[in-house]
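For reference, the chains in residue letters:
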Protein chains: 4
Amino acid sequence: MGTDVEAPRATGRPRDPRIEQAALAAVRDLLAEGGYAAVTGAAVAARAGTTKAALYRRWPALPHLVHEAVFPGELALGTNLRAGLDEVVARLVGGTRDALCTPAAAAALPGLLAEAGTYPDLHASMIRRFSGVLAAMDERLGEAIDAGEAHPDARADDLVQLVVGTVIAGVLLTPGALDDAWVDRLTASVLRGLRPDR
Amino acid sequence: MGTDVEAPRATGRPRDPRIEQAALAAVRDLLAEGGYAAVTGAAVAARAGTTKAALYRRWPALPHLVHEAVFPGELALGTNLRAGLDEVVARLVGGTRDALCTPAAAAALPGLLAEAGTYPDLHASMIRRFSGVLAAMDERLGEAIDAGEAHPDARADDLVQLVVGTVIAGVLLTPGALDDAWVDRLTASVLRGLRPDR
Amino acid sequence: MGTDVEAPRATGRPRDPRIEQAALAAVRDLLAEGGYAAVTGAAVAARAGTTKAALYRRWPALPHLVHEAVFPGELALGTNLRAGLDEVVARLVGGTRDALCTPAAAAALPGLLAEAGTYPDLHASMIRRFSGVLAAMDERLGEAIDAGEAHPDARADDLVQLVVGTVIAGVLLTPGALDDAWVDRLTASVLRGLRPDR
Amino acid sequence: MGTDVEAPRATGRPRDPRIEQAALAAVRDLLAEGGYAAVTGAAVAARAGTTKAALYRRWPALPHLVHEAVFPGELALGTNLRAGLDEVVARLVGGTRDALCTPAAAAALPGLLAEAGTYPDLHASMIRRFSGVLAAMDERLGEAIDAGEAHPDARADDLVQLVVGTVIAGVLLTPGALDDAWVDRLTASVLRGLRPDR
DNA sequence: CACTAATCGAGACGGTACGTCGCGTCTTGTG
DNA sequence: CACAAGACGCGACGTACCGTCTCGATTAGTG
């Protein structure tokens, strides 16, 4: 699940598929209600109607479960790769904001970032959530540079880091202020930052 | 000192000032050596040559101690408020990078951000570290707008959030890549984003 | 065993029975070596090869563990209920002396008595240790009164209280003087006190 | 104070005599209200309107203070040494009961006995409380033996140990049942135990 | 009248034990 | 095999009490 392919186990009693969903939902509920500190192994198991052992059969550690609960899949830009740079950047900013501003995500984010130092695979998984966006932006930005729409020094990794970081800072420091006007301001500022000097 | 103004206790045995300093230094050492997980009440007390009780007399909980150890005072821009906008922004970016990239700070940052959700006063203290920079940038940016050097929509809070967030994302996601070239690229991009449309 | 009937837990991982025995033995060793003050949660756990949590899973607090270690079961009189009153009383006195004069018991007794004020259930458990002896003495004394061997005012609870109290006083005030001659003197005195007036 | 003569300190600020009384009264109050566990250095100082340092200037440790608060002087038999043996024993039993059955004494007794193992001087002080009674009983019992009123094996130390122990057991095990009838029963039993065999 | 010396209040100090909690693993019996 | 249940080792947490200490401020007797 998550980011890795699972070996198909054929033998023995099959896993109850409801437990996986119940656990992920339980994590989201607990995050929204009590924050990251409320996401305890025992609490998740109790809320999901199962036991800790069933959780550790599915995820190597609690943060991995939290990660999957909060970021179930890749960040998506929509299907706008052929759109204008303005719209692509707007979707990047807006999509990142949307992904990180759900109650569960906002509550989990700092905790996950902290655990990323302990679990290298978790760190990799979090980065991988942006790999698709990064590749797409890399390609699109290359075209924009070739077309003279973007500054030749512009780099997709810098761009994504800037956008993601700013959203993270917004979530951590001024949650509640990340409305659409905030997205518009950040988008405009980023776009100006991408423009060529002349 | 610390996070708040201190009540002027005149009575009772005065606190041993060496304990405070020893504890802060112990936290920095432990952070650099073993990361956030190594900053244990007992470990700090032992390394500082004191006891847990003496620590809890000074800080309400361990994260507060870590915060003070890692961010002892306000973020400083240097005395460059009268300098050109280019230099002011360069110093903001560089100073933020420097402050968050010390071994202790880099090790403590994710943990502190996570604990901020548990301790509201810690959250407030962390934000307050930027209040001076924020005020200074607000004033300087106002002048720049008036002088036509900056975009009329530019806001100091947005700017600081963007810079701090990008540095945080850099520390968390790509530590080791935040060299001076990185600072230069971010500075240039931010400056372009601040320029008026014309 | 212990102080109460145990609920028949059928589910979950069963408790490791060796831990219980190891803890009780550890307490007895520590009592004999360092007295009541040496019976620390951490010390007991370490000596028993387990952890504090495992102890607190079995006993509500340390004194309960000490109590069970020192007084594992009811005080026994031997199987002498049909013997002459002289011998019954002699066994009561001797048995009480023996039970309270083991190194562990002598070391634990004052501490346990003191903690009994804090833990009412511990107080009840300690009293219950004498219930069997009390019932037996009550029956035997009734027969003796009917046979004219004992004073009609004699009561088993008074008798047990007197014997136990005297032994406690001996242990606390003049430990080391409770030899067999002491037992004989007390036995003779108690027996005279039980005799009818004529 | 208490049992020892004090060196006459002439110089320096004299001790406030009210503190001593206030501390003793505070201990008694705390014992009656919250038991031995409530007698904390800080609690005693606060209730007495003074500080811990003032207490430790007067008593070497807390149990010594408790001891003096609860047993301010020697156990007294009244002036009945020339009375009949019946009355002397009755006064011994009754006086011991009275001394150990005050709320403060009953609450402090097990704690004090436990601490006696830690502080040898406290142990000695407690025993000394009975030295007068012991000497008096020794003399009176010798006369009784000579007069044929008492068993030639009777010993004052055994007698006192028996009476004190029984009262202690009564206080610890069945507090509230030590009424005058209880005293009468114990007195009668003890007296029978003292009688010569014929 | 200053000087000295011990007290007073307040509270921090080192030390140590307490009982609780969470993590991730394990060991049962039952499907 | 999975599952429910819950004990296991580990280790940190924050609190409490002990008896001592260090302050600045009093409060006598002495020189």
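Residues numbered from 1 in each chain as written. Chains lettered and ligands numbered in written order. Predicted model: local features only at pLDDT ≥ 70, side-chain atom pairs only at ≥ 80, totals over all residues. Heavy atoms only, no water.

## A word on helix H2 (residues 41-48) of chain B
Residue and element names in this part refer to chain B.
- Residues of H2 that are buried: Gly41, Val44, Ala45 and Ala48. Each buried residue of H2 sits inside an arc of 95° when the element is viewed along its axis, so together they form one side.
- Where the residues of H2 are buried, they touch helix H1 (17-34), helix H3 (52-58) and helix H4 (62-70). (Buried < 20%, exposed > 50% of the residue type's maximum accessible area, 1.4 Å probe, protein only. Helix = DSSP H or I, 4+ residues; strand = E, 2+ residues; numbered from the N terminus. Arc of directions from axis to C-beta. Contact = heavy atoms within 4.5 Å.)

## Here's the deal with the relation of the copies chain A and chain B
- Superposing chain A onto chain B takes a rotation of 178° combined with a translation of 0.2 Å along the rotation axis, leaving an RMSD of 0.5 Å. Such a combination of rotation and displacement between the chain copies is what one expects of a two-fold axis.
- A share of 96% of interface residues in chain A that are also interface residues in chain B marks the association as one of identical surfaces. (Least-squares fit on C-alpha atoms with pLDDT ≥ 70 in both.)

## Some details on the protein's contact with DNA strand F
- Not every one of the 45 residues close to DNA strand F is listed here, only the nearest: Thr50(A), Tyr56(B), Leu62(B), Arg57(C) and Arg58(C).
- In the interface set of DNA strand F, defined as its atoms within 4 Å of the protein, sugar plus phosphate atoms amount to 66%.
- Arg57(A) has a polar side-chain atom sitting 3.0 Å from a phosphate oxygen of DNA strand F.
- Arg58(A) is positioned with one of its side-chain polar atoms (N or O) 3.0 Å from a phosphate oxygen of DNA strand F. (Near = heavy atom within 4 Å. Polar contact = N/O pair within 3.5 Å; in protein donor to acceptor, adjacent residues only side chain to side chain.)

## What to know about the UniProt feature "domain: HTH tetR-type" (unreviewed entry) in chain A
- Summarizing the sequence annotation, UniProt attributes the feature "domain: HTH tetR-type" (unreviewed entry) to residues 17-77 of chain A in the numbering used throughout.
- Summarising residues 17-77 of chain A: 69% helix, 0% strand, and an end-to-end C-alpha distance of 30 Å. (UniProt positions renumbered as here; feature names shortened; annotations may be inferred.)

## Remarks on the UniProt feature "DNA-binding region" (unreviewed entry) in chain A
- When the UniProt feature table is mapped onto this chain, "DNA-binding region" (unreviewed entry) is found at residues 40-59 of chain A.
- As annotated, residues 40-59 of chain A comprises 75% helix and 0% strand, and the C-alpha atoms at either end are separated by 14 Å.

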